[in-house]
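Structure at a glance
Next come the chains, spelled out residue by residue.
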Amino acid sequence: MSKFIEGMIECPFYLREGEGFIACEGIITGSSCHHRFENDFQKRNYEIDVCSTNGGKKCRYYRTMALLYERGLKA
């Protein structure tokens, strides 16, 4: 079953979320990067304020991934 927040996520690198973490596309092809939070309140706020706003462009990790694609270092 899909979670409500996953319908709001705009970031193209977002994969899934779980208890205390957000998983995003990894730098290495076929991998994922897990961003961990102290509690679900912090994680939920991050998802709403960063992942679900302006395509995720406020996120530092988004900028890293976008730069890799832009420079042709990730396909």
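This report concerns the structure included in the present document. Not measured: the values here are computed from a predicted model. (Residues numbered from 1 in each chain as written. Predicted model: local features only at pLDDT ≥ 70, side-chain atom pairs only at ≥ 80, totals over all residues. Heavy atoms only, no water.)

Another point: the sheet that holds strand β1 (residues 14-18). Ordered by their spatial adjacency, 3 strands build an open sheet running β1-β2-β3, and the pairing between neighbours is antiparallel. In the strand order of this sheet, the two ends are held by β1 and β3 (32-36), each with one partner. Neighbour to neighbour, the strand axes of the sheet diverge by 20° on average, direction disregarded. Taken together, the 5 bridges between strand β2 (residues 21-25) and β3 define a ladder with antiparallel strand orientation. By the bridge assignment, F21 is partnered in β3 with R36. This element, helix α1 (residues 40-51), spans β1 and β2 of the sheet and lies at about 155° to β1. Across the sheet, helix α2 (residues 60-70) lies against β2 and β3, angled at about 10° from β2, the strand it touches most. (Pairing = 2+ DSSP bridges. Helix = DSSP H or I, 4+ residues; strand = E, 2+ residues; numbered from the N terminus. Axes fitted to C-alpha atoms, helices over the stretch in contact; angles between N-to-C directions. Contact = heavy atoms within 4.5 Å.)

For S52, the position within the fold is in the loop between α1 and α2. From its side chain, S52 meets the backbone oxygen of M8 in a polar contact 3.4 Å long. Beyond its immediate chain neighbours, meaning those up to four positions away, S52 contacts I5, M8, I9, E10 and E47. (Polar contact = N/O pair within 3.5 Å; in protein donor to acceptor, adjacent residues only side chain to side chain.)

Sheet analysis places β1 next to β2, joined by 4 bridges and oriented antiparallel. Bridge pairing in β2 places G18 opposite F21. Linking two consecutive strands that pair antiparallel, namely β1 and β2, is a turn of 2 residues; a positive phi of about 80° is found at G20 within it.

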